[in-house]
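Chain by chain, the residues run as shown.
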Amino acid sequence: TASANYTYLQTTGKFTGVADIAKNDVAGFIPRTGNARLTYTYKKFGANAGLNFTGKHLSGAGTEPVSPLTPIASRLYRKDLTTIGVGASYRIRPDATLTIDVNNITQKSPVMYRYIESRIRQVYLADVTVNIGLSGQF
């Protein structure tokens, strides 16, 4: 099985009805996202791989009108982030399945910057996570 989606949004308007804001410069508004997933199942075994994408966006500060007190350079953005995860499953019995999922296998981390991409403000360290589970139907 293969599945994918991509979302592209655009926004403009006035902040608190007074100041015009530039296209997509709304804190927390993420204009581009997407994901893709491949899944394979054969008898009792299963495998999957997934990719998740979050586009560059304004994270905080910056919806205010530009003035000496709130300069445009104070805007905090997050760079594009793409993470990959893989997993496997084994059906122990018709009503029970054992799973293992490994997320963020490339150890990509969110990177925050101030207005210009070369002005890195913060890098979050995101580790690989491993989830083991048992699901059943009763």
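Just so it is clear, the model here is predicted, and its values are computed rather than measured.

Think of it this way: side chains of opposite charge can pair up when their charged atoms draw near. Scanning the model with the defined rule gives 2 salt bridges in all. Of the charged contacts in the structure, one is a salt bridge between arginine 32 and aspartate 80, with a shortest N-O distance of 3.2 Å. Here aspartate 80 lies in the loop between β7 (76–78) and β8 (81–93) and arginine 32 lies in strand β4 (residues 32–42), a separation of 48 residues in the sequence. In this structure aspartate 80 comes out as partly exposed when scored by relative accessible area, which is 43%. One salt bridge connects aspartate 95 with arginine 93, and the closest N-O pair in it is separated by 3.0 Å. The class for arginine 93 is partly exposed, based on a relative accessible area of 48%.

Another point: the environment of glycine 28. For glycine 28, the location among the structural elements is in the loop between β3 (19–21) and β4. Taking the C-alpha atoms as reference, glycine 28 lies 6.8 Å from glycine 60; in sequence the two are 32 residues apart. In contact with glycine 28, other than residues within four places in its own chain, are Leu58 and Ser59.

Within the chain, asparagine 104 stands out as a residue other than glycine whose phi angle is a positive 55°. Relative to the assigned elements, asparagine 104 resides in the loop between β9 (96–103) and β10 (111–114). Backbone geometry places tyrosine 115, a non-glycine residue, at a positive phi of 55°. By the secondary structure assignment, tyrosine 115 is in the loop between β10 and β11 (120–123).

As a further point, take the packing of aromatic side chains. Tallied over the entire structure, the rule returns 2 aromatic pairs. With 5.0 Å between their ring centres and 50° between their planes, phenylalanine 45 and tyrosine 90 make a pair best called tilted. With a gap of 45 residues between them, phenylalanine 45 in strand β5 (residues 45–54) and tyrosine 90 in strand β8 connect regions that are remote in the sequence. Aromatic side chains tyrosine 77 and tyrosine 113 sit 5.6 Å apart centroid to centroid with 20° between the ring planes, which places their arrangement in the stacked category. Residue tyrosine 77 is found in strand β7, and its partner tyrosine 113 is found in strand β10; the two are separated by 36 residues along the sequence. Here tyrosine 77 and tyrosine 113 have matching classes, each one buried.

This part takes up the sheet that holds β5. Taking strand neighbours across the sheet as the criterion, the 6 strands line up as β1-β4-β5-β8-β9-β12 in an open arrangement whose pairing is antiparallel. In the strand order of this sheet, the two ends are held by β1 (2–8) and β12 (129–136), each with one partner. Strand-to-strand, the axes of this sheet are offset by a mean angle of 15°, without reference to chain direction.

With 10 bridges joining them, β5 and β8 adopt antiparallel strand pairing. Bridging from a neighbouring strand, phenylalanine 53 pairs with threonine 82 of β8. Across 8 bridges, the pairing between β8 and β9 is antiparallel. Note that in β9 the partner of serine 89 across the bridge is threonine 99. Counted along the chain from β8 to the antiparallel partner β9, the turn is 2 residues long.

Rules behind the numbers
- Residues numbered from 1 in each chain as written.
- Predicted model: local features only at pLDDT ≥ 70, side-chain atom pairs only at ≥ 80, totals over all residues.
- Heavy atoms only, no water.
- Salt bridge = Lys/Arg side-chain N within 4 Å of Asp/Glu carboxyl O.
- Helix = DSSP H or I, 4+ residues; strand = E, 2+ residues; numbered from the N terminus.
- Buried < 20%, exposed > 50% of the residue type's maximum accessible area, 1.4 Å probe, protein only.
- Contact = heavy atoms within 4.5 Å.
- Phe/Tyr/Trp six-rings, centres within 6.5 Å; stacked < 30°, edge-to-face > 60°.
- Pairing = 2+ DSSP bridges.
- Axes fitted to C-alpha atoms, helices over the stretch in contact; angles between N-to-C directions.

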